[in-house]
Amino acid sequence: MGKTDVSHLPYESSFVPEILTEDHKIKFACHPGVSCFNACCKQADVMLAPYDVIRLKQKLELTSEQFLKDYTVPWEMDGDGVIGVKLKTNEDKHCLLMTEKGCSVYKDRPAACRYYPFGLMGVKHTEAKADEQNYFRIEEEHCKGHEQENFLPDTKEITLGEYRKTQGVEEFDKFNLDWIRLMLKKKSAGPAVGTPSVESLQVLFMATYDLDRFKRFVFSPNFQSVYLLDKDFLDTIQKDDLALLEFGYRFLRQVLFGEKTIDLKADAVAKRAEERKGYWKARHDAEMEYANLNDPRYDPEVMGDEVMGDNKLTEQAEAAKKKSK
Ligand code: SF4
Ligand code: SF4
């Protein structure tokens, strides 16, 4: 263990954590009897990952758009303008989902709430054979869960791995890790992928956080005219948010990094890329002007069905043409 830089975090931070591993021993407990009950939810600064949004929107029976609007605020995750979301709080910084009896969405609470007062840092480098997850501790004065002798003298030491199990974070990590990998890859690629365009940022947000909008995008005539998806697969992602999220990750890896896993309709792509050259120039100019006034990366109203990740389409069209010959 030791001090390190923060390159394992999928966002930029001045926080310099101590890296902890799964076998790190902790002595921590939290229950309704603690003197600080709800204190953490009264100073909530909870970043959401894509699977958190799925769980919460389903629990609250809202569309992703409505959930994002009512319960989240945007924040800029890095210097390139990638937008993430945090849980919205009231003016006293209380989480909107908190009640006097505790969390109103406890079974579906976000991964960050489950981990607290620890956090997931990320995964080992892509060239490693297996992922290695690391963790860090969040030490805040209001949290008395570390002071076992005050209320739970018989609490045993457990490992961080065991603590994760008690909090049910494994399922959350399973569906969020591809998102973390994507963010880390984008961060480490740096200038190689260039500064993302406004359109790329919109696609990134939509395909990870705003899945109901992404679904409409995937089923739009524009998308269907370019990407080759069979009917069974379309039926699956129509009904299943998790399958849709996994498809979103694939789509993003394709449009951002050229990892081609979704087949293209060769002739349609070449034709469309040609037709839309002029359109994208005009749209880009208009959006750069608009970006000075608002932030279109987060505003769902600005995201049209035309957002196709066209920055990679031309080269993919060439590849598809070659394949079809
Ligand atoms: S979602 Fe629940 S656990 Fe998380 S900050 Fe809000 S009230 Fe607390
Ligand atoms: S502040 Fe710490 S001990 Fe208190 S309720 Fe929150 S997590 Fe539990």
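This text goes with the structure placed above it.
What this report covers is the structure whose coordinates are included nearby.

Some remarks on the overall build of the chain
Moving on, step 1. Across its full length, the chain carries 14 helices and nine strands.
Moving on, step 2. Among the 325 residues that make up the chain, the fraction classed as buried is 31%.
Moving on, step 3. Counting contacts in the chain only where the partners sit at least 6 residues apart, residues at least 24 apart contribute 74% of the total.

Notes on the site of ligand 1
Moving on, step 1. Near ligand 1, the surroundings consist of C41, A44, V46, L87, C95, L97, M98, C103, V105, R109, P110 and C113.
Moving on, step 2. Here the residues of the shell around ligand 1 are counted per class, giving 11 nonpolar, no polar and one charged.

Here we look at the environment of W179
Moving on, step 1. Considering the arrangement of structural elements, one finds W179 in helix 6 (residues 170-189).
Moving on, step 2. Sequence separation between W179 and Y51 is 128 residues; the distance between their C-alpha atoms is 9.3 Å.
Moving on, step 3. Other than its neighbours up to four places away in sequence, W179 contacts A49, P50, T208 and Y249.

Some remarks on unusual backbone geometry
Moving on, step 1. With an omega dihedral of 10 degrees, the bond running from Y116 to P117 counts as a cis peptide bond.
Moving on, step 2. Residue placement: P117 occurs in the loop between helix 3 (111-115) and strand 7 (118-122).
Moving on, step 3. With a phi close to 75 degrees, N38 is a non-glycine residue in the positive phi region.
Moving on, step 4. Positionally, N38 belongs in the loop between strand 1 (25-26) and strand 2 (47-48).
Moving on, step 5. The backbone of E61 shows a phi angle near 55 degrees, a positive value even though the residue is not glycine.
Moving on, step 6. Looking at where E61 falls in the secondary structure, it is placed in the loop between helix 1 (50-59) and helix 2 (64-71).
Moving on, step 7. By the C-beta count within 10 Å, which is 8 here, E61 ends up exposed.

Side note on the site of ligand 2
Moving on, step 1. Among the 13 residues in the neighbourhood of ligand 2, the closest are listed as C30, C36, C40, C143 and G145.
Moving on, step 2. Residues belonging to the shell around ligand 2 are distributed by class as follows: nine nonpolar, three polar and one charged.

Considering the packing of helix 1 against helix 6
Packed helices, taken two at a time, are described by the angle between their axes plus the distance between the axes.
Moving on, step 1. Contact geometry of helix 1 with helix 6 gives a least axis separation of 7 Å together with a crossing angle of 130 degrees. With respect to their mutual orientation, helix 1 and helix 6 come out oblique. Together, P50, Y51 and D52 of helix 1 and F172, F175, N176 and W179 of helix 6 make up the contact between the two elements.
Moving on, step 2. Counted by class, the contact of helix 1 with helix 6 contains five nonpolar, one polar and one charged residues.

Cut-offs and rules
Residues numbered from 1 in each chain as written. Chains lettered and ligands numbered in written order. Predicted model: local features only at pLDDT ≥ 70, side-chain atom pairs only at ≥ 80, totals over all residues. Helix = DSSP H or I, 4+ residues; strand = E, 2+ residues; numbered from the N terminus. Buried ≥ 20, exposed ≤ 12 C-beta atoms within 10 Å, placed from the backbone. Contact = placed C-beta atoms within 7 Å. Near = placed C-beta within 6 Å. Nonpolar A, V, L, I, M, F, W, Y, C, P; charged D, E, K, R; others polar. Axes fitted to C-alpha atoms, helices over the stretch in contact; angles between N-to-C directions. Parallel < 35°, antiparallel > 145°, perpendicular 65-115°, else oblique.

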